[in-house]
Amino acid sequence: MIKTSPICSSVIVSLMGLMLLISGGCEEKIEVAEPKKEIKIDLTGPQPKVVVEEPLHEFGNMEVGETLKHDFVIRNDGEGPLTLIKDRSTCKCTMADFEEREVPPGESTTITLEWIGKAEDPNFSQAAYIKTNDNTAKEIALTVAGRVDKTFEITPAGIWNLGELNRDKPTSFSGKITSRVLEDFEFKEAESSNPLVSVNVIPMTPEQLKEDDVKAGYLIEGEVKPNNAIGEFEASVTLKGMAKGEEQNGYFTINGFYSGPIQIVGPAGWKATEMLLVMGRFEKEAGKTFNLSMFLRDNENGPVEVLDVKADPDFFTFDMTKDENFKAENRERYKMKIAVKPDAPPLNFDRDNPARIEVTTNNPLIGKMNFKIHILSY
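These numbers were taken from a predicted model, which means no experiment stands behind them.

## Concerning the confidence of the model for the protein
Move 1: The predicted model of the protein averages 85 in pLDDT, with 89% of residues at 70 or higher.
Move 2: Contacts from residues 1-35, a stretch scored under 50 in pLDDT, to residues over four places away or in other chains number 98 contacts.

This is the structure in structure tokens:
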């Protein structure tokens, strides 16, 4: 998906003169300019009358980074000459080719305002100000307002959390990719980083577009196949498309977890829903061991045996043995031990870069188990 920085959505102004720092509705202080000179108003002769045909221009939607222009028409309905001088602007407005202008009685002039939407803003509104020699309207404002949107918006926003995934049938998910600024874009295919994920994109109907108040869009429908390894599941999805004659891609991430017929419990530091073990800080010479218990229900396949262990990095060990003293109807208990060898080098693995252990068993109810580990040894 397309990401943006929280910078002020701006209307750009190029002005000459003394530059002052003020706050103009942005997140940071911005530069504005004072007029080069004051207007002298003479009340003894014929008077001008300034009329702005459209003081507020609502432009609708624009794309982040896009530049728009609009011509404001200013008339002089009075009997004396109308003098206009450029004044301050909010968030840097550009009034192209205009510093000072005189409008004869009965005539009009056009002032072009230019602005750029630098970041998403659902209520974009900026103004440029002009001083006049009309005693009844010494200052007029030319305002532009609308909405600044990303080229595409994928909903739901952020990571798509599917919760606990089905082990016996596919887990479905859905969303949308839409645009408020483009009327014509095309998405034909989707790619996933995990082969268990399949995604289809379906054009939205005119009724659906109207309901969502967007110009174009696609429905996203996908599923995660069952029988994945027990533990956290994550996959990134790329939506491939074309817009404005160029390749345009959208991105989102889904996650969830498989619990299966097991329950793993442990001391502080164990997070079962994430299959995450937080081992904390310790001196590397001492090593560290964590003991967990796995409870398995409705097992008719004989004792669970570990067929393979893959640790990344390979300084971790994993052992599992059945607790023959545990007696409960339709339940078995297995003792697990995850350890760091005393001779291991310093280790630093956190949420952004966890260590991992993949355990393969002989039991079809379990299959594989994926553990994540946060650790800091020194």
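What follows continues from the structure just given.
## Regarding unusual backbone geometry
Move 1: At the junction of threonine 155 and proline 156, the peptide bond is cis and its omega measures out at 0° in the coordinates.
Move 2: Mapping proline 156 onto the fold places it in the loop between β12 (153-155) and β13 (160-164).
Move 3: Each neighbour pair has its own omega, and for aspartate 312 with proline 313 the value is 5°, a cis peptide bond.
Move 4: With a phi angle near 50°, methionine 275 is a residue other than glycine that sits in the positive phi range.
Move 5: Its location among the elements puts methionine 275 in the loop between β21 (270-271) and β22 (276-282).
Move 6: Residue classification places methionine 275 among the buried positions, given a relative accessible area of 4%.
Move 7: One non-glycine residue, asparagine 330, adopts positive backbone phi at about 60°.
Move 8: As for its position among the elements, asparagine 330 is in the loop between β25 (316-322) and β26 (331-340).

## Considerations on the nonpolar core
Move 1: Among the nonpolar cores identified, the biggest contains 31 residues, and Ile264, Met369 and Phe371 are the most heavily contacted of them.
Move 2: Breaking this core down by element, the ones donating at least two residues are β20 (262-265), β22, β23 (288-297), β25, β26, β28 (355-361) and β29 (368-377).
Move 3: If sequence neighbours within four positions are ignored, phenylalanine 371 has contacts with Ile264, Trp270, Met275, Leu292, Phe318, Met336, Ile338, Ala355, Arg356, Ile357 and Val359.
Move 4: Counting 26 residues, the second largest nonpolar core, distinct from the first, contains Ile220, Ala235, Val237 and Tyr258.

## Observations concerning the packing of aromatic side chains
Move 1: Taken as a whole and judged by the stated rule, the model has 13 aromatic pairs.
Move 2: A centroid spacing of 5.4 Å and a plane angle of 80° characterise the contact between phenylalanine 185 and phenylalanine 187, whose relative ring orientation is edge-to-face. Take phenylalanine 185 and phenylalanine 187: they sit in the same class, and that class is buried.
Move 3: With centroids separated by 6.1 Å and ring planes inclined at 85°, the aromatic side chains of phenylalanine 187 and tyrosine 218 adopt a geometry described as edge-to-face. Residue phenylalanine 187 is found in strand β15 (residues 185-192), and its partner tyrosine 218 is found in strand β17 (residues 216-224); the two are separated by 31 residues along the sequence.
Move 4: In this structure an aromatic cluster arises from ring pairing among Phe152, Phe185, Phe187 and Tyr218.

## With respect to the sheet that holds strand β5 (residues 67-76)
Move 1: Ordered in space as β3-β5-β9-β7, the 4 strands form an open sheet in which the pairing is antiparallel. Of all the strands in the sheet, just β3 (50-52) and β7 (94-96) have a single pairing partner and so form its edges. When strand polarity is set aside, the average angle formed by the axes of neighbouring strands in this sheet is 35°.
Move 2: Two strands pair when backbone bridges link them, and β5 and strand β9 (residues 108-116) are joined in this way by 9 bridges, in the antiparallel orientation. Among the inter-strand pairings, arginine 75 is bridged to a residue of β9, identified as serine 108.

## So, the side chain of threonine 360
Move 1: By the secondary structure assignment, threonine 360 is in strand β28.
Move 2: A relative accessible area of 17% places threonine 360 in the buried class.
Move 3: In contact with threonine 360, other than residues within four places in its own chain, are Glu305, Val306, Leu307, Asp308, Gly367 and Lys368.

## Let's talk about the environment of lysine 40
Move 1: Tracing the backbone through its elements, the reader meets lysine 40 in the loop between β2 (30-33) and β3.
Move 2: Between the alpha carbons of lysine 40 and threonine 132 there is a distance of 9.2 Å; along the sequence they are 92 residues apart.

## Topic: the pairing of β23
Move 1: Here β20 runs beside β23; their pairing, made up of 4 bridges, is antiparallel. Residue pairing across strands places glutamine 263 opposite phenylalanine 295, the latter belonging to β23.
Move 2: As defined by bridge partners, β23 adjoins β26 across 10 bridges and the pair is classed as antiparallel. Bridge assignment links leucine 292 to a residue of β26, and that residue is methionine 336.

## Re the pairing of strand β14 (residues 171-179)
Move 1: Where β12 lies against β14, 3 bridges are found, and the strand directions are antiparallel. Looking across to β14, one finds that threonine 155 is bridged to lysine 176.
Move 2: Two strands pair when backbone bridges link them, and β14 and β17 are joined in this way by 9 bridges, in the antiparallel orientation. Of the residues in β17, the one forming a bridge with threonine 178 is glycine 217.

## Details of the pattern of salt bridges
Side chains carrying opposite charge are able to pair once their charged atoms draw close together.
Move 1: Here the structure, examined in full by the defined rule, presents 12 salt bridges.
Move 2: Notably, a salt bridge pairs arginine 75 with aspartate 77, separated by 2.9 Å at the nearest N-O pair.
Move 3: Under the relative-accessibility criterion, arginine 75 is labelled partly exposed at 27%.
Move 4: Among the residues examined, aspartate 77 registers a relative accessible area of 42% and is labelled partly exposed.
Move 5: By sharing partners, the salt bridges in this structure join Glu53, Arg75 and Asp77 into a single network.

## Overview of the sheet that holds β15
Move 1: Strand order in the open sheet formed by 4 strands is β13-β19-β18-β15, with mixed pairing between adjacent strands. At either end of the open sheet lies a strand with only one pairing partner, and these are β13 and β15. Strand-to-strand, the axes of this sheet are offset by a mean angle of 20°, without reference to chain direction.
Move 2: Here β13 pairs with strand β19 (residues 246-258) via 3 bridges, running parallel. The residue of β19 that forms the bridge with tryptophan 160 is isoleucine 254.

The rules behind these values
Residues numbered from 1 in each chain as written. Predicted model: local features only at pLDDT ≥ 70, side-chain atom pairs only at ≥ 80, totals over all residues. Heavy atoms only, no water. pLDDT = per-residue confidence, 0-100. Contact = heavy atoms within 4.5 Å. Helix = DSSP H or I, 4+ residues; strand = E, 2+ residues; numbered from the N terminus. Buried < 20%, exposed > 50% of the residue type's maximum accessible area, 1.4 Å probe, protein only. Core = buried A, V, L, I, M, F, W, Y, C linked by side-chain atoms within 4.5 Å. Phe/Tyr/Trp six-rings, centres within 6.5 Å; stacked < 30°, edge-to-face > 60°. Pairing = 2+ DSSP bridges. Axes fitted to C-alpha atoms, helices over the stretch in contact; angles between N-to-C directions. Salt bridge = Lys/Arg side-chain N within 4 Å of Asp/Glu carboxyl O.

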